[in-house]
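Residue-level structure breakdown
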Amino acid sequence: MLAGRLTAIIYVLFPQQKEVTKLVLEHKKLNSLDDFFLPLSKRKETGIYFYRFNGFSDEIKTFLNKYYETALKSGVIIDDKIPNPTEPNLAYYEEIMGVDFQISVGFIAASLKKWLPRMNDSQRESVATAIYDSLDELRRAGKTDNMLKNAYIKFMCWLYYKFERITNQLGQDAIPKILYAGQISSYELMILSILAAAGSDVILIQKDADAAYLKLDASSSKSELYQADGLKAFPQDFSLKSFKAEVEQQASMAKLYGGADVIINCTNAWIEGKGLSDILTEPTLRGDDSKFFYNCFCRINGAEDRLTYSNELYQFQLSLKNSKRKLVIVNKEIPKPTPDEIAEINRSNYANANQLISNLQANIQIPSSKDIRGILVKAFVEVMEEEAAIPNINLNKLVNKAVYLLCWIKRYQASLYNNWQYPDVGCFIYMGGCKDANEALFLKFLAKTPVDVLILCPNLNSHCALSDDSLYEINNQTSVNVDTFPEQNGDLRIATAAYHAERDLDQIMYNDSVIFRDQQFSKANTITLQTMDREVKILWDTEIKYRPNFSTMDGVVNIPVVFSKMSGVPDKNTLEYWSTIKQMMTDDTIIVDHVPFILSTAPNPMKAHASEFFKNGKLQKNKIKSHPSYQYSFLREDRQDYILDKLETLIDQRFIKGTFENGTEYTIIATVLNLPKEVIRLIQNFDFTKKNPKLIYLSTTEAMMSLEDTIYVTFLNLIGFDVVFFVPTGYNIEGHFNKRLMEEHQIGEYMYDLQVPVWKTIPSTTPRNWVDKIFKRG
């Protein structure tokens, strides 16, 4: 509600009249802060504005900056106090005006004509009437004539020495502006009210919401308090000078990234609070204001369901990749900048934080897009200014933070921002949570750019160092020990309870709706099932489409496969042991019964050309296909592409030790491009929804798997083969693996120097196999 009414009187002098006609203007309530900048003739309701501000926000900060600039050009700025008239000021007034004094509009108007000759008649009459009203109010309050005269002279001196520049603008269409910041006195309030009544806008900034001003003139209520949600109190040391210096500094920083022309982030305001599904929302469906890009900044603690957690994440990243979104996934920690990365950051010596930020931002360069560079520089400036505002922060420490941040920006910018076009939004997934303040700073930076930032903390006992007001957090009650994001192809491990998997399997096996055409799909990804040992036998002869976690999405099959190691011999019963293995030898099973299977010295026509097929960290697929030594050209085109895709994955995922370290990637290429004919035929026949091919690898002695054997079995796992190692000795055969890929099961006591039998002499059935014995069946 309007706190009161302020009357401004404007006199319009018509040439044919000797008297003036009075036009009374009422003080009107603002519709928006922009109304202050409208000329009198354009205002919805004719009037002036006299407002008090006892709190600020980003909106008010922007408004005050513009108001300050306007008052600087055509108004008056008062920072703290209006100086009282000095002795020379009073002496000059007495010399010009004498000592006469009367409380009447006529006397005051005549005095103003002599004292302030640039005012026109209507302005003079308006000011004279307003002065008279103020003096009359003082007289009614009991002030003596001498006190009234002193007040009158004070007003006249202030009008001359402080406000003379606007007295001839009062009541004009371009309304002058007065900006006052400080603890105002009663007489200062009166002069501001006089000028407002004569036709000037006034802003009064109160640093103390409980200031005595609130009690100064309650009866007349000549100003209105500006009210809005979310206002913060002005700091006690606030001054217009410091405010302007800060604004100018921000404007200087804004020039570094293009100022108001830069698209800014709308973070989380559009989300529904559903976490993964929010991030999967197409950027074009998030909002329609082209001044913003719409991104998500989210941390999910724990899991809704520990049994489905990994699979949900796997499906989530598949959806992201299928939508062609730029994606970066980091596990456990963001690798620290290397010495080479740090050396690439150009820096100097700095006297202050602003100089530091201004200089270091030049390290951010993205030639492919000027727009995205502006966004990145703005984000860098904002997060570094926040860091610089931390009390007692050391300038050298600030430099170190900035260098770390810039190293990570340069490391990931190609993956997240290359060829960026509005409204593209990439995605950065961090599994495990921030380990320190530097990582937290980097994620805060990313959240101010066109990137969805997802932090996953499935283990509720771990701590994430990130805290930010804009972060949306989802808290689940179940803790899961997962430290690696289940990425595409071979790296996903889904734990299953044995009874749960078997029950699901029974349900699915009798589901008539699971029907697919022959060879319907040409692309697939493998999911390695983390199983109980008895599940291996159950799943071995089960079609892929009936297995747990089988799915199809956008023409891609997710194949659940077995990749296991069986150590020991149940009850040391070798006959039953060999018989059980023979039962698993289907028509589509490859048997490796001597170690190593592929010798490094074995002839391989692809070795001589492997270096031609891998350049600048990329597999040259077209060059491989067109090479005269290429051996798979007789396969279906889509199956050739499938083999080369999995070869690329095997290299990129660094499953094999030495990849990108000692040239192992060339051995991988040569081995995969020289597979046995029987394996190639199985791959050609492989229908991704039916029974998959198998590999049984027997290791009965101390002989170690060769590097080529490790490549061979890992590639077949990626292709979709079930792979089972039978190792009666329990020896370590994983020497060339870079990470734990297979699941080991201890099925019995270790036995040594076993000889692989002649298989036709081994019966295919026994009274009870080792699976039955272990689980007491039958």
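So, how was this worked out
Residues numbered from 1 in each chain as written. Predicted model: local features only at pLDDT ≥ 70, side-chain atom pairs only at ≥ 80, totals over all residues. Heavy atoms only, no water. Helix = DSSP H or I, 4+ residues; strand = E, 2+ residues; numbered from the N terminus. Buried < 20%, exposed > 50% of the residue type's maximum accessible area, 1.4 Å probe, protein only. Contact = heavy atoms within 4.5 Å. Areas by Shrake-Rupley, 256 points an atom, 1.4 Å probe, with all protein chains shown as cover. Polar contact = N/O pair within 3.5 Å; in protein donor to acceptor, adjacent residues only side chain to side chain. Pairing = 2+ DSSP bridges. Axes fitted to C-alpha atoms, helices over the stretch in contact; angles between N-to-C directions. pLDDT = per-residue confidence, 0-100. Salt bridge = Lys/Arg side-chain N within 4 Å of Asp/Glu carboxyl O. Disulfide = S-S within 2.5 Å. Phe/Tyr/Trp six-rings, centres within 6.5 Å; stacked < 30°, edge-to-face > 60°. Lys NZ or Arg CZ within 6 Å of the ring centre and 35° of its normal. Expected span 1.5 Å × (residues − 1).

1. Concerning the overall build of the protein chain
- Regarding its fold elements, the protein chain presents 24 helices and 25 strands.
- Burial analysis of the protein chain (778 residues in total) assigns 51% to the buried set.
- The long-range share in the protein chain, meaning contacts at least 24 apart out of those at least 6 apart in sequence, stands at 79%.
- If you sum the accessible surface of the protein chain, you get close to 36100 Å²; carbon and sulfur atoms cover 48% of it.

2. Overview of helix α18 (residues 574-583)
- A large share of α18 lies buried, amounting to seven of its 10 residues.
- Along α18, the positions that sit buried rather than exposed are E576, Y577, W578, S579, T580, I581 and K582.
- A side-chain oxygen of the first residue of α18 lies 3.3 Å from the backbone nitrogen of L575; this N-cap is N573.

3. Brief notes about unusual backbone geometry
- Here the amide bond leading from Y422 into P423 is cis, since omega sits at 5°, within 30 degrees of zero.
- Assignment of secondary structure puts P423 in the loop between α14 (395-417) and β12 (426-431).
- Phi at K324 is positive, roughly 65°, even though this residue is not glycine.
- Tracing the backbone through its elements, the reader meets K324 in the loop between α10 (309-322) and β11 (327-331).
- K324 gets classed as exposed once you look at its relative accessible area, which sits at 72%.
- The phi torsion at K332 lies on the positive side, around 70°, for a residue other than glycine.
- Tracing the sequence through the fold places K332 in the loop between β11 and α11 (339-343).
- Take K332: its relative accessible area is 43%, and that puts it in the partly exposed class.

4. What to know about the sheet that holds strand β20 (residues 589-592)
- Strand order across the open sheet formed by five strands is β20-β23-β24-β19-β25, with parallel pairing between neighbours. Here the strands that pair on one side only, and so sit at the sheet edges, are β20 and β25 (743-746). Across the sheet, the axes of successive neighbouring strands diverge by a mean angle of 15°, strand direction being ignored.
- Both strand β19 (residues 563-567) and β25 contribute to a ladder of four bridges, which runs parallel.

5. Let's talk about the pairing of β12
- Counting buried positions over the six residues of β12 gives six, a clear majority of the element.
- Sheet topology note: the β12/strand β13 (residues 451-457) ladder contains six bridges and is parallel. Of the residues in β13, the one forming a bridge with C427 is D452.

6. Observations regarding the confidence of the model for the protein chain
- In this model, the protein chain carries a mean pLDDT of 87, and residues with pLDDT of at least 70 account for 88%.
- Note that residues 774-778 has pLDDT below 50 and, in this model, nine contacts with residues that lie over four places away or in other chains.

7. Comments concerning the pattern of salt bridges
- Under the counting rule described, the total for this entry stands at 36 salt bridges.
- Ionic pairing is found between D541 and K691, a salt bridge with its closest N-O pair at 3.1 Å. Highlighted residues: D541 in the loop between α17 (533-540) and β17 (551-553) and K691 in the loop between α22 (677-685) and β23 (694-698), separated in sequence by 150 residues.
- Take D541: its relative accessible area is 47%, and that puts it in the partly exposed class.
- Residue classification places K691 among the partly exposed residues on the basis of a relative accessible area of 40%.
- Among the ionic pairs, R740 bridges to E743, the shortest N-O distance being 3.1 Å.
- Each of K378, E382, E386 and K448 takes part in salt bridges that share partners, so that together they form one network.

8. So, the state of the cysteines
- Within this structure, the stated rule accounts for zero disulfides.
- Its sulfur unpaired, C298 is 5.0 Å from the next cysteine sulfur, which belongs to C296.
- For C298, a relative accessible area of 0% corresponds to the buried category.

9. Observations concerning the packing of aromatic side chains
- Under the definition given, this model contains 43 aromatic pairs.
- Plain terms: the ring middles of F614 and F660 are 5.8 Å apart, the flat faces sit at 40° to each other, and that makes the pair tilted. Residue F614 is found in strand β21 (residues 614-615), and its partner F660 is found in the loop between α20 (637-652) and α21 (664-672); the two are separated by 46 residues along the sequence.
- Summarising the aromatic geometry, the rings of F686 and F688 are spaced 4.9 Å apart at their centres and angled 80° between planes, so their arrangement reads as edge-to-face.
- A relative accessible area of 2% means that F686 is categorised as buried.
- These aromatic residues form a ring-pair network of at least three members: F36, F37, Y49, Y51, F53, F63, Y67 and Y226.
- Positioned above the aromatic ring of Y187 is the side chain of K154, whose terminal nitrogen or guanidinium carbon lies 5.9 Å from the ring centre.
- A cation over a ring is seen here: K694 above W540, with NZ or CZ 5.2 Å from the ring centre.

10. Focus: the sheet that holds β11
- Spatial ordering of the open sheet is given by β11-β12-β13-β10-β14, a layout of five strands whose pairing is parallel. Looking at strand neighbours, the two that pair on one side only are β11 and β14 (472-475), the edges of this open sheet. Taking the axes of each pair of neighbouring strands and ignoring which way they run, one obtains an average angle of 15° across the sheet.
- Of the strands in this sheet, β11, β12 and β13 touch α10, which is tilted by about 155° from β12.
- In the packing of α14 onto the sheet, the strands contacted are β11, β12 and β13, and the crossing angle to β11 comes to about 140°.

11. Some thoughts on the environment of K694
- Positionally, K694 belongs in strand β23.
- Separated by 28 residues in sequence, K694 and D722 have C-alpha atoms that sit 4.7 Å apart.
- Those residues in contact with K694 that lie beyond four places of it in its chain are W540, R547, T586, D588, T589, I590, F721 and D722.
- Engagement of the side chain of K694 in a polar contact is seen with the side chain of D722, the distance being 3.0 Å.

12. Comments concerning helix α7 (residues 186-199)
- Here α7 contains 14 residues, and its C-alpha end-to-end distance of 20 Å stays within 8% of the 20 Å for a straight helix at 1.5 Å per residue.
- The element α7 is extensively covered by neighbouring structure, given that 12 of its 14 residues are classed as buried.
- Taken together, the buried positions of α7 are occupied by E188, L189, M190, I191, L192, S193, I194, L195, A196, A197, A198 and G199.

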